[in-house]
Amino acid sequence: MKVQGKKVILAILTFCLSLFVLFSIQPTHQTAYAADQSLQRIKQKGTIVMATSPDYPPYEFEVQKNGKSQIVGMDVDIMKKVAKDLGVKLVIKSMSFDSVLVAVETGKADVAMSGINPTPSRRQSVDFSEIYYNGGQSFLINKTDVAKYKNQSALAHKKIGAQTGTLQYNLAKSKIPGATVKGMDKNTDLVLALKTHKVDALGIETPSAEAYIKNDPDLAMFKSSYHLNKNETGSAMALKKGSGTLVAAINKSIDQIKQQHLANQYLADAGKYMKVNTHNTSMWHYRSYFLKGVEYTLIISAISVIFGVLLGTILALMRFSKSKILHAIAVAYIEFVRGTPLMVQVLFVYFGVGIIINLPALLSGIIAVSLNSGAYVAEIIRGGINSVDKGQTEASASLGLTKGDSMRYVILPQALKNIWPALGNEFVSLIKESSIVSIIGVTDLIYQLNIVRADTYRGVMPVFVAMIIYFIITFILTRVLNYYEGRMKHAR
Amino acid sequence: MPDKPLIKVDKLEKKFGDNEVLKEIDGTVMAGQVICVIGPSGSGKSTFLRCLNLLEHPTGGKVYFEGKDTETFTESELTTLRERMGMVFQSFNLFPNLTVLENLKLAPMRVKKMSDQEAADKAMSLLKRVGLEEKADVYPASLSGGQQQRVAIARALAMDPEVLLFDEPTSALDPEMVGEVLAVMKGLAESGMTMVVVTHEMGFAREVADEVWFMADGYILEKNKPDDMFNHPQNERAKDFISKIIGQ
């Protein structure tokens, strides 16, 4: 290892540098090329792809319609009108809110629409349409606190919750004197924090606040008294930089929506869907969501386990190879993958590699999880090979077996038996960690969990259900692995 | 009876770091000969044996097999060399993941490309020869040490080697099992197999060997006929060693 140290470091650095070069050149080149052909491109394509995070009623959320889940809400209705005005078909891609802006930057979607506020910092990376809706800012509080918090000034020096990275978060931080602002990713989590008195009030858009008090008798709200610039506080659509012609076309539709006051009608329609969703909030009623989640979680896990083991075996053999280059590549790969978070790898494969090849979310998720698992499996297998007695290699050599045959028929089968428990651990953790793919919109169990939480306004129960489901899956897997472990013992 | 040199060793040296294990070893093994290598522990006997089939690579001198310098061998020639030079280890080294029959079939099928049936037939006849045909379908772990070593010998024979190297084949066995293994080895010697045996079994060496080599401190200090070696050793160290062992 010590002799190889320098080479390995060099290989890692080369790897990182080539990634950096690859991804610093490609996007600029594309943006320049795409400039101002944006409208023409959409019309040629015949479709407009909208990225959204459907856990934000009434803007966007999922409903069951004729047994199929569908994304609805005010944003969807507005976008439908835009698509109709452009004469193209609307395609909706769902993903986590963190990912929607990246999706338009990297060309995964044509427009991001998810109740997005066009803040100055966001304007640096994307183009925005006109504001299509300005619901205003409100605060959610517990009903028991109505007397205590009558208006915004009563919130001074209190704890205020808001979605991280949103306008509400920045406003609470800068405009409420002495307030401690607690940021979380999802409104469902924030409402839970409010109800358990971890925060005193919640900064939230008025339409969302109204939806919450309609569905939860324990909550109350009041409107904020911020003085706000209307161009920054409403919701707008985000598009890739340099989409001037497309933005102009979309703005025409938005003007019509404003003149005809269509937004209020869309909101009312969304309200009807929400009633359908909250009519029956038992988890059993939402079983199809969970089932679909289980299906995807199992698909991702099963395929990733297979490819992870294949890749891991190859990497482990490369580490034992006499070729210094193969050895260095394997070490560099393993160190790099183990040294970076899976979440970043998932985002990288979907958005980063997506610049070159347009991979669907599910495939990206499977690739990222497999590549990640391969690195860990490689180390497990390496340990297993080292654990096989040296006499076995010598005995195979003395019989004239080639190194490959010796590995395949003698060493690996014994190594596999030794590492079976460790490999089992890796499979179990892979099932759990694969949940990270929900951020790119793969409809796995965690993704469905967030949808159900948003739809039902129930914060805890869906989490509990998902927990039980994960446990059942991993428990069954553990039993199966133990069964095979027992059989291998028997064979000796 | 012995006519042509099968293995010739010329000024063989082996160092592990600064530790010189083998020094200026010369020797010739003729086809059909049985050589027993004796000597105190740590004298380099096993290392010498492992240098013959290049499990250890010599750091000096030459090993010739059928007149060819093994140092110049390519990877595939090396594999062929080992295929023709069977080895039996102190700790048996059977493959625990395979049945007895599969242990015997693996190399003939993979290396000699025998068919499954051919390899199985050959394996069964060899198991019969070592008296273990009824154990064909069990895993090695369920056999006694003596049985395992007999299977290991059969496994080495399955490749039809021209010479068999034995590395203290009975040292890891319970005393009551030594006899069965030595009996198999004696039978092999009588059938004309060329053998190099590192052993502490002086009775076996005296009875079966054509020549006994005495090693100490990395040198071969004496080569002699068994009777001469055990009755009138010339070298002082050999005298001392033999009197201690036989004297008991």
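Residues numbered from 1 in each chain as written. Chains lettered and ligands numbered in written order. Predicted model: local features only at pLDDT ≥ 70, side-chain atom pairs only at ≥ 80, totals over all residues. Heavy atoms only, no water.

A. A look at the UniProt feature "domain: ABC transporter" (unreviewed entry) in chain B. In this numbering, the UniProt entry assigns the feature "domain: ABC transporter" (unreviewed entry) to residues 7-242 of chain B. Summarising residues 7-242 of chain B: 39% helix, 26% strand, and an end-to-end C-alpha distance of 27 Å. (UniProt positions renumbered as here; feature names shortened; annotations may be inferred. Helix = DSSP H or I, 4+ residues; strand = E, 2+ residues; numbered from the N terminus.)

B. Region of the structure containing the sheet that holds strand β9 (residues 159-163) of chain A. Residue and element names in this part refer to chain A. Within the open sheet, the 5 strands sit side by side as β10-β9-β11-β8-β12. Their pairing is mixed. Of all strands in the sheet, those bounded by a partner on one side alone are β10 (180-184) and β12 (219-223). Here the strands of the sheet are splayed against their neighbours by 30 degrees on average, with no regard to which way each runs. With 5 bridges joining them, strand β8 (residues 137-142) and β12 adopt antiparallel strand pairing. Each residue of the ladder has a partner; that of Leu140, found in β12, is Met221. Relative to the sheet, helix α6 (residues 167-175) contacts β8, β9, β10 and β11 (201-205), its axis offset from that of β10 by approximately 165 degrees. (Pairing = 2+ DSSP bridges. Axes fitted to C-alpha atoms, helices over the stretch in contact; angles between N-to-C directions. Contact = heavy atoms within 4.5 Å.)

C. Expanded view of the nonpolar core. Counting 86 residues, the largest nonpolar core has Ile7, Phe48 and Leu52 of chain B as the members making the most contacts within it. Element by element, the count of residues in this core is highest for helix α17 (residues 403-433) of chain A, at 9 residues. By size, the runner-up hydrophobic cluster in this structure holds 50 residues, among which are Leu104, Leu132, Met177 and Phe204 of chain B. (Core = buried A, V, L, I, M, F, W, Y, C linked by side-chain atoms within 4.5 Å. Buried < 20%, exposed > 50% of the residue type's maximum accessible area, 1.4 Å probe, protein only.)

D. Expanded view of a nonpolar patch on the surface. Residue and element names in this part refer to chain A. The grouping of Met461, Phe464, Met467, Ile468, Phe471, Ile472, Phe475, Ile476, Val480, Tyr483 and Tyr484 at the surface amounts to a nonpolar patch, some 1100 Å² of accessible area in total. Locating Tyr484 in the fold gives a position in helix α19 (residues 461-491). Owing to a relative accessible area of 40%, Tyr484 belongs among the partly exposed residues under this scheme. (Patch = residues over 30% accessible without salt bridge, like charges linked within 9 Å, V, L, I, M, F, W, Y side chains within 5 Å. Areas by Shrake-Rupley, 256 points an atom, 1.4 Å probe, with all protein chains shown as cover. Salt bridge = Lys/Arg side-chain N within 4 Å of Asp/Glu carboxyl O.)

E. Molecular detail of the confidence of the model for chain B. For chain B, the average pLDDT comes to 92, and 98% of its residues sit at 70 or higher. Confidence estimates for the predicted assembly give a pTM of 0.75 and an ipTM of 0.91. (pLDDT = per-residue confidence, 0-100.)

F. Looking closely at the sheet that holds strand β4 (residues 68-72) of chain A. All names here are of chain A. Taken together, the 3 strands give an open sheet; going across it, the order is β2-β3-β4, and neighbouring strands pair in antiparallel fashion. Because the sheet does not close on itself, it has two edges, and the strands there are β2 (55-56) and β4. Pairing of β2 with strand β3 (residues 60-65) involves 2 bridges; the strand directions are antiparallel. Across the sheet, residue Tyr56 finds its bridge partner in β3, namely Glu60.

G. The arrangement of the interface of chain A and chain B in detail. Facing 22 residues of chain A, the contacting portion of chain B comprises 26 residues. Where chain A abuts chain B, roughly 1900 Å² becomes buried across the two surfaces, and 58% of that area is made up of carbon and sulfur atoms. Linking Asp405 of chain A and Arg110 of chain B is a salt bridge whose minimum nitrogen-to-oxygen distance equals 3.1 Å. Mapped by element, the contributors of at least two residues to the side of chain A that touches chain B are α16 (390-398) and α17 of chain A. For the side of chain A that touches chain B, the element with the highest residue contribution is α16 of chain A, accounting for 8 residues. Of the residues belonging to the side of chain A that touches chain B, the class tally is 8 nonpolar, 6 polar and 8 charged. (Buried area = accessible area lost by both parts, 1.4 Å probe. Nonpolar A, V, L, I, M, F, W, Y, C, P; charged D, E, K, R; others polar.)

H. Here's a closer look at helix α13 (residues 324-338) of chain A. Taking 1.5 Å per residue as the helical rise, α13 of chain A with its 15 residues ought to reach 21 Å, and the 21 Å between its terminal C-alpha atoms agrees with that figure. Residues of α13 of chain A that are buried: His327, Ala328, Ala330, Val331, Ala332, Tyr333, Ile334 and Val337 of chain A. (Expected span 1.5 Å × (residues − 1).)

I. Structural detail: the side chain of Ser114 of chain A. Residue and element names in this part refer to chain A. By the element assignment, Ser114 lies in the loop between β6 (111-112) and α5 (120-123). Ser114 sits in the buried class, given a relative accessible area of 2%. Non-local contacts of Ser114, meaning those with residues more than four positions away in its chain, are made with Thr52, Ser53, Tyr56, Glu60, Asp75, Phe97 and Val100.

J. Inspection of the pairing of β10 of chain A at higher detail. In this structure, β9 of chain A lies alongside β10 of chain A, joined through 5 bridges in parallel fashion. Each bridged residue has a counterpart across the sheet, and for Ile160 of chain A the counterpart in β10 of chain A is Val181 of chain A.

K. Representation of the packing of helix α14 (residues 342-352) of chain A against helix α15 (residues 361-387) of chain A within the structure. All names here are of chain A. α15 packs onto α14 with a crossing angle of 135 degrees between their chain directions and a minimal axis gap of 9 Å. Our classification of the angle between α14 and α15 gives oblique. Handedness of the crossing formed by α14 with α15: right-handed. Within the contact between the two elements, α14 uses Leu342, Gln345, Val346, Val349 and Tyr350 and α15 uses Ala361, Ser364, Ile367, Ala368, Val369 and Asn372. A breakdown of the residues in the contact of α14 with α15 according to their chemical character gives 8 nonpolar, 3 polar and no charged. (Parallel < 35°, antiparallel > 145°, perpendicular 65-115°, else oblique. Left-handed = near helix turned anticlockwise from the far one by under 90°.)

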